[in-house]
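Summary of structural features
Here is how the chains run, residue by residue.
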Amino acid sequence: MKDPRLLAVCCPDWPVVAACTATGTALHVPVAVVDGNEIVSTSAVARKEGIRRAMRRRAAEAMCPELVTFEHDPQRDARFFEPVAEAVEELAPGIEVVHPGLVAVPARGPVGYFGSAEQAAERIVDHIATHTGTEAQVGAADSLFAATKAAHRNMIVPPGRTPEFLRPLGVHELDAPELVDLLRRLGLKTLGAFADVPENAVATRFGGPATRQHRLARGVPERPLDKRRPAPELAVTETFDEPVERVDAAAFAAKLLSERLHENLAARSLACTRLGIHARTENDEELQRVWRAAEPLTPRGIADRVRWQLDGWLTRERLTSGIRTLTLEPVEVVDGTALQLGLWGHDDERAVRALLHVQGLLGPDGVLTPVIDGGRGPREQVRLVPWGDERTPTRNPDHPWPGRLTRAPATLADDPAALEDENGREVGVTGRLELTAQPKKLTIRGRTREVTAWAGPWPVDERWWAPDRHRAARVQVQADDQAFLLIRRDQRWFLEGVYD
Amino acid sequence: MSRSATASLSELGVNPASELTSTTTDHATGRVLPVRGELAGLLPWGGLRRGSTVSVGGSTSLLLALLAGATADGCWAAVVGLPQLGVLAAAELGVAVQRLALVPRPGSDPGPVIAALLDGIDLVAVACPLPPSLARRLTARARQRKAVLIAFGAWPSPDVELTAESVSWNALDDGAETLRRQQIAVRSGGRGSAGRAKNVLLTFGEEEIELPLVAGGPDRSDEPADAGPDRADELAARRATTREQPA
């Protein structure tokens, strides 16, 4: 069996480092990277001020008014990470990028060459610092999860001692906030305590996704052991008539090729866990990089990595010409069922496979899954994301949203409507949020109904009266035994939904 | 409000002897997927039997309500060909939307897409018109794959046919009320043990809808009504108070 021992090279707070490098911001000011409203990464100086990950942006700014914030940009992270990955590769062949900021290398090569893991680590850190000016840390252990945690602590865990290394660590080291919360409430405060719970009890008590976290806590390798070397014909290659030189063209090529690769894999019920990206330029320069994913890649996941890599090559490398051919090769695949092992419970396996199959037929955007979001209108409160993408709300649904309706229509619409009083004059909404007259007739698509009752108007945004806002308001109308939701925008009525 | 005696009895878990076509083992082994209380009385098996085809007509809320019990219980549902589906209403009716997949546009050849879904999804609702021959093939596929096929609209010989005769809401009171309580009068019919027509009045709303919290601004009633944004808050706050009192 292959030696699972890994070296993990991590650049702490990478999103912050990349943002500072991109903007030339000095590292002695408190810096944070935010995604929407949430802090995703902080600099050491910011942490000293009490800023933490997952904190709300506003709370952080209140705590530390001089905090400099940057928007989260995975592409920027990847672009500036490429030189670091190259520096590691110069000393240790066979590197795999896990995500920007973290590289994994099979430990055997560099340890054999430099004599010991400690010496290999020292050389790698030095080499990265001299070539890129970036600070890095190295750790070694028998699983990727443990090696990453070891890198955070600059530790070399001796072979076979990985479970002991993990035992005293807190459960918060698992990247699963809900599970961590639950474990803490149950009094399981360390990874060791969680690891001692029998695996079948974890599956029944906490559900399928928790079993993956349980494997991590026990220090077992991340993926099921039945991983195989894929057949070479699964790789997809594209030769461009016009060499790709610009990042936007590269992004487009990445999307198309990723979809082809995914179709190839989905048709065989496979999913990719290590993705090789090869490019050849017009002047026959060869570029190659392997990405390793903690979980089997979704179609979107493949496209993201290809785009990031191309961006890194095109922006950072001194290429003498554009990219002529691009090849995506699944370096390691697992049965498509493994996709559920990571993301869902065992019972969901068939569902996951069916949805992937349909995505193979219609493309990633053909299957959508809803996320309930904050907001007021029935459309605004639902965000549809391609299946397999992250399902996180962008606006907090638990915030107060004045003007939010008590009930949402089961059918949405967007049709012009006419709401008239008994004299056939259009009913309007005043600045004081009142109707100008009693509505009597509602006409939609040429059909007129008798209005029996109405409710509202509700404001569409809280700055209803601000002069620079387009006034918009909603009313519920009952007409001919049916109930409708109307919205008034730009002095006109539209049907927004039917309560059928 | 009046509700048919059958429905209230079935809510208590009591079924007429003639309807005992499914056993408790069927429920326990997952051969029958659960539905919300009142709907159980409409279905011959007290739930949605795997492999069966159910047609729903006249109300999108009825379709969504049918998905609620099973998705909340861990089943997956897909809705094909309904781009205008109100997902928020689905959530309000109890559908676990994290296990809801939408295929709004199945393309010019929806057959393979629906067949693929039936292979792995517990409940597949189909809202696009299909040629009868394809529809029959999909009925057979659902039976073979132990999925529940829910046809939204006409379908050749479904096992159960649910029709919303009327959909009504609590009366609005010209600005003082809002839509809260929905009542759907449903007639069921179908083949075999489902053949005898039943009528049930379903009620949604009342307690199960969580009232949204409304930020009541500071009391500024002494200021002119056109004072600005606060007006909206004030109205919303007033509505919230009206809402909290039982009608």
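Anything mentioned here points back to the structure above.
About the criteria used
- Residues numbered from 1 in each chain as written.
- Chains lettered and ligands numbered in written order.
- Predicted model: local features only at pLDDT ≥ 70, side-chain atom pairs only at ≥ 80, totals over all residues.
- Heavy atoms only, no water.
- Helix = DSSP H or I, 4+ residues; strand = E, 2+ residues; numbered from the N terminus.
- Buried < 20%, exposed > 50% of the residue type's maximum accessible area, 1.4 Å probe, protein only.
- Contact = heavy atoms within 4.5 Å.
- Areas by Shrake-Rupley, 256 points an atom, 1.4 Å probe, with all protein chains shown as cover.
- Pairing = 2+ DSSP bridges.
- Axes fitted to C-alpha atoms, helices over the stretch in contact; angles between N-to-C directions.
- Core = buried A, V, L, I, M, F, W, Y, C linked by side-chain atoms within 4.5 Å.
- Buried area = accessible area lost by both parts, 1.4 Å probe.
- Salt bridge = Lys/Arg side-chain N within 4 Å of Asp/Glu carboxyl O.
- Polar contact = N/O pair within 3.5 Å; in protein donor to acceptor, adjacent residues only side chain to side chain.
- Nonpolar A, V, L, I, M, F, W, Y, C, P; charged D, E, K, R; others polar.
- Disulfide = S-S within 2.5 Å.
- Parallel < 35°, antiparallel > 145°, perpendicular 65-115°, else oblique.
- Left-handed = near helix turned anticlockwise from the far one by under 90°.

**Re the overall build of chain A**
When you go through chain A residue by residue, the secondary structure sums to 16 helices and 19 strands. Counting the 500 residues in chain A, one finds 54% classified as buried. Residue pairs at least 24 apart in sequence account for 56% of intrachain contacts in chain A once pairs closer than 6 positions are excluded. A total of about 22700 Å² of accessible surface is found on chain A, and carbon and sulfur atoms cover 49% of it.

**What about the sheet that holds strand S2 (residues 31-35) of chain A?**
Backbone-to-backbone hydrogen bonds join strands into a sheet, with any given pair of strands oriented parallel or antiparallel. Residues and elements named next belong to chain A. An order of S3-S2-S4 is seen for the three strands of this open sheet, with the pairing classed as mixed. The open sheet has two edge strands with one neighbour each: strand S3 (38-42) and strand S4 (68-71). Going across the sheet, the axis of each strand differs from the next one's by a mean of 40°, ignoring polarity. Judged from the four bridges that link them, S2 and S3 form a sheet pairing that is antiparallel. In the strand pairing of S3, Val34 is matched with Ile39. Seen against the sheet, helix H1 (residues 14-23) touches S2, S3 and S4 and runs at an angle of roughly 105° to S2.

**Looking at the nonpolar core**
In terms of nonpolar packing, the biggest core is built from 61 residues, with Leu48, Leu62, Leu66, Leu123, Ile150 and Leu162 of chain B touching the most fellow members. With eight residues, helix H4 (residues 60-72) of chain B is the largest single contributor of residues to this core. Among all residues touching Leu62 of chain B, those that are not within four sequence positions of it are Leu39, Val56, Gly57, Leu162, Ala164, Ile184, Val186 and Leu202 of chain B. Core analysis: the next-biggest nonpolar cluster, separate from the first, contains 59 residues, Val103, Ile124, Leu261 and Trp308 of chain A among them.

**Notes on the environment of Leu191 of chain A**
Residues and elements named next belong to chain A. Mapped onto the secondary structure, Leu191 falls in helix H10 (residues 191-195). In this structure the C-alpha to C-alpha distance between Leu191 and Arg218, which are 27 residues apart in sequence, comes to 7.6 Å. Residues within four places of Leu191 in sequence aside, it is in contact with Phe145, Leu166, Arg167, Leu169, Gly170, Val171, Glu173, Leu174 and Ala217.

**What about the interface of chain B and chain A?**
In this assembly, 62 residues from chain B lie in contact with 55 residues from chain A. When chain B packs against chain A, the two sides together hide about 4900 Å² of surface, and 62% of this comes from carbon and sulfur. Viewed at the interface, chain A and chain B are joined by one salt bridge. Between Glu92 of chain B and Arg407 of chain A there is a salt bridge, with its nearest N and O atoms 3.2 Å apart. On the surface where chain B and chain A come into contact, there are 14 residue pairs in polar contact (both at pLDDT 80 or more). Counting residues per element, the ones that place at least two in the side of chain B that touches chain A are H4, helix H5 (87-92), strand S5 (100-103), helix H6 (110-120), strand S8 (160-169) and helix H8 (230-244) of chain B. When residues of the side of chain B that touches chain A are assigned to their parent elements, the largest contribution, seven residues, is made by H8 of chain B. A class-by-class count of the residues in the side of chain B that touches chain A yields 35 nonpolar, 14 polar and 13 charged.

**Thoughts on the side chain of Asn170 of chain B**
Mapped onto the secondary structure, Asn170 of chain B falls in the loop between S8 and strand S9 (182-190). Among the residues examined, Asn170 of chain B registers a relative accessible area of 6% and is labelled buried. Once you skip the residues sitting within four places of it in the chain, Asn170 of chain B turns out to touch Gln478 of chain A together with Glu177, Thr178, Leu179, Arg180 and Arg181 of chain B.

**Points about the state of the cysteines**
Counting across every chain of the model gives zero disulfides over all chains. With no disulfide of its own, Cys11 of chain A has Cys10 of chain A as its nearest cysteine by sulfur position, at a separation of 6.8 Å.

**Overview of the packing of helix H4 (residues 74-91) of chain A against helix H6 (residues 117-132) of chain A**
Residues and elements named next belong to chain A. For the pair H4 and H6, the least separation of the axes is 9 Å and the interaxial angle reads 135°. Judged on the interaxial angle alone, H6 and H4 are oblique. At the point where H4 passes H6, the crossing takes the right-handed sense. Touching Pro83, Val84, Ala87, Val88, Glu90 and Leu91 of H4 are Arg123, Ile124, His127, Ile128, His131 and Thr132, all from H6.

**Regarding the pattern of salt bridges**
Two side chains bearing opposite charge may form a pair once their charged atoms approach each other closely. All names here are of chain A. For the structure shown, the criterion picks out 33 salt bridges over all chains. Notably, a salt bridge pairs Lys149 with Glu173, separated by 3.3 Å at the nearest N-O pair. With Lys149 in helix H7 (residues 144-152) and Glu173 in the loop between helix H8 (162-166) and helix H9 (177-185), this residue pair connects regions lying 24 residues apart in the sequence. Like Lys149, the residue Glu173 is buried in the burial classification. Where salt bridges share partners, they join Glu96, Arg274, Arg292 and Glu332 into one cluster.

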